[in-house]
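# Observations on chain architecture
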Amino acid sequence: AAGVIQSPRHLIKEKRETATLKCYPIPRHDTVYWYQQGPGQDPQFLISFYEKMQSDKGSIPDRFSAQQFSDYHSELNMSSLELGDSALYFCASSLAASGSWEQYFGPGTRLTVT
Amino acid sequence: AQSVSQHNHHVILSEAASLELGCNYSYGGTVNLFWYVQYPGQHLQLLLKYFSGDPLVKGIKGFEAEFIKSKFSFNLRKPSVQWSDTAEYFCAVNGGASKLTFGTGTRLQVTL
């Protein structure tokens, strides 16, 4: 079965650079979530989209923005990167209409800021 | 605001020992409960979930969890752990199609 795809899997950037992370949800899934997991930390919710509209917002810095496109893939744009942004960024998808509320996670993008 | 508390931060067990990881939650409304496992360097994988119905749910790899509403708990159990169960375990909660709130995780180390 198709899973959530994230690209790139690894990314190394320098401070003050920008980064774009991409997420391709499971086909027909209409909801995408972004989470950030720092070293030794639990995943923290950043932002979510339902049917291309922002549905919820968590602890996402103003330097970050995200959107969901017409094909339901989502991109997380990160600017003015800081050392503290180094983390594993997970995308998850779900199908709101299914009523199962289960989120399927992608493999993550490991971002290292030097 | 919703929150999840995992009391055991690091658990060390010998193979074949029984496992119980505690999870308590705080949530004002109908709740969905999950246990995820994260193997070293890997992504989160769903072990089991509770939405409604039988409070004893069985998941993959021989894991099970019991939802006790009166105690706001959703403890994870396995009768006999294996070395391959060494991983980080996260309890999570949400209400419907909403963000997951995770506990701080329990690192399980199974020794041979």
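Here is a short report on the structure shown in this document.

Criteria and thresholds
Residues numbered from 1 in each chain as written. Chains lettered and ligands numbered in written order. Predicted model: local features only at pLDDT ≥ 70, side-chain atom pairs only at ≥ 80, totals over all residues. Heavy atoms only, no water. Helix = DSSP H or I, 4+ residues; strand = E, 2+ residues; numbered from the N terminus. Rg over C-alpha atoms; globule rule 2.2 N^0.38 Å. Buried < 20%, exposed > 50% of the residue type's maximum accessible area, 1.4 Å probe, protein only. Contact = heavy atoms within 4.5 Å. Areas by Shrake-Rupley, 256 points an atom, 1.4 Å probe, with all protein chains shown as cover. Lys, Arg positive; Asp, Glu negative; His and termini not counted. Charge placed at Lys NZ, Arg CZ, Asp CG, Glu CD. Pairing = 2+ DSSP bridges. 1 Å grid on protein atoms, 1.4 Å probe; cavity = no way out; pocket = protein on both sides within 12 Å on 5 of 7 lines; lining within 4 Å. Points joined across faces, edges and corners; volume = space filled by probe spheres on them. Nonpolar A, V, L, I, M, F, W, Y, C, P; charged D, E, K, R; others polar. Buried area = accessible area lost by both parts, 1.4 Å probe. Salt bridge = Lys/Arg side-chain N within 4 Å of Asp/Glu carboxyl O. Polar contact = N/O pair within 3.5 Å; in protein donor to acceptor, adjacent residues only side chain to side chain. Phe/Tyr/Trp six-rings, centres within 6.5 Å; stacked < 30°, edge-to-face > 60°.

This part takes up the overall build of chain A. Helix and strand counts for chain A come out as 0 helices and 11 strands. Sequence-ordered secondary structure for chain A, helices as α and strands as β, is β-β-β-β-β-β-β-β-β-β-β. The C-alpha radius of gyration of chain A comes to 13 Å, within 12% of the 13 Å expected for a compact globule of 114 residues. For chain A, the residues scored as buried account for 45% of the 114 residues in total. Taking contacts inside chain A between residues at least 6 apart in sequence as the whole, the part at least 24 apart equals 53%. Here chain A has roughly 5500 Å² of accessible surface; of this, 49% comes from carbon and sulfur atoms. Across chain A, the mean location of the 10 positive side-chain charges is 5 Å away from that of the 12 negative side-chain charges.

This next bit is on the pairing of strand 6 (residues 53-57) of chain A. Residues and elements named next belong to chain A. As paired strands, strand 5 (residues 44-50) and strand 6 are joined by 4 bridges and run antiparallel to one another. Paired with Phe-49 across the two strands is Gln-54, which belongs to strand 6. Once strand 5 ends, the chain turns through 2 residues before running back antiparallel as strand 6, passing Glu-51 with a positive phi of about 50°.

Picture a little ball the size of a water molecule; that probe, rolled over the atoms, points out where space is still empty. A volume near 420 Å³ is recorded for the largest pocket. Every residue lining the largest pocket is counted, 25 residues in all, and those nearest its centre are Gln-37, Gly-40 and Arg-110 of chain A together with Gln-38 and Arg-107 of chain B. Broken down by secondary-structure element, the contributors of at least two residues to the lining of the largest pocket are strand 9 (87-94) and strand 11 (109-113) of chain A together with strand 10 (87-94) and strand 12 (106-111) of chain B. For the lining of the largest pocket, a count of residues per class yields 9 nonpolar, 13 polar and 3 charged. One number sums up the size of the second largest pocket: a volume of about 190 Å³.

Interfaces are often described in size by the accessible area the parts lose on coming together. Contacts between chain A and chain B engage 17 residues on the former and 20 residues on the latter. Both sides together, the interface formed by chain A and chain B hides about 1600 Å², and carbon and sulfur atoms give 60% of it. Summed over the shared surface of chain A and chain B, the number is 1 salt bridge. The closest approach of N and O atoms between Lys-49 of chain B and Glu-102 of chain A, which form a salt bridge, is 2.4 Å. For the pair chain A and chain B, the number of links is 5 residue pairs in polar contact (both at pLDDT 80 or more). Elements with a minimum of two residues in the side of chain A that touches chain B: strand 4 (31-37) and strand 9 of chain A. Element by element, the count of residues in the side of chain A that touches chain B is highest for strand 4 of chain A, at 3 residues. Taken together, the residues that form the side of chain A that touches chain B break down as 9 nonpolar, 5 polar and 3 charged.

We now examine the pattern of salt bridges. Residue and element names in this part refer to chain B. Evaluated as defined, the whole model comprises 9 salt bridges over all chains. Notably, a salt bridge pairs Glu-64 with Lys-58, separated by 2.8 Å at the nearest N-O pair. Owing to a relative accessible area of 63%, Lys-58 belongs among the exposed residues under this scheme. For the salt bridge of Arg-77 with Glu-66, the shortest nitrogen-to-oxygen distance reads 3.3 Å. Placement of the pair is Arg-77 in strand 9 (residues 73-78) and Glu-66 in strand 8 (residues 64-68), with a sequence separation of 11 residues. Overlapping salt bridges bring together Lys-58, Glu-64, Glu-66 and Arg-77 as one network.

Another point: the packing of aromatic side chains. Tallied over the entire structure, the rule returns 16 aromatic pairs over all chains. Through pairs of rings, three or more aromatic residues link up here, namely Tyr-33, Tyr-35, Phe-45, Phe-90 and Phe-105 of chain A together with Phe-34, Tyr-36, Phe-51, Phe-90 and Phe-102 of chain B.

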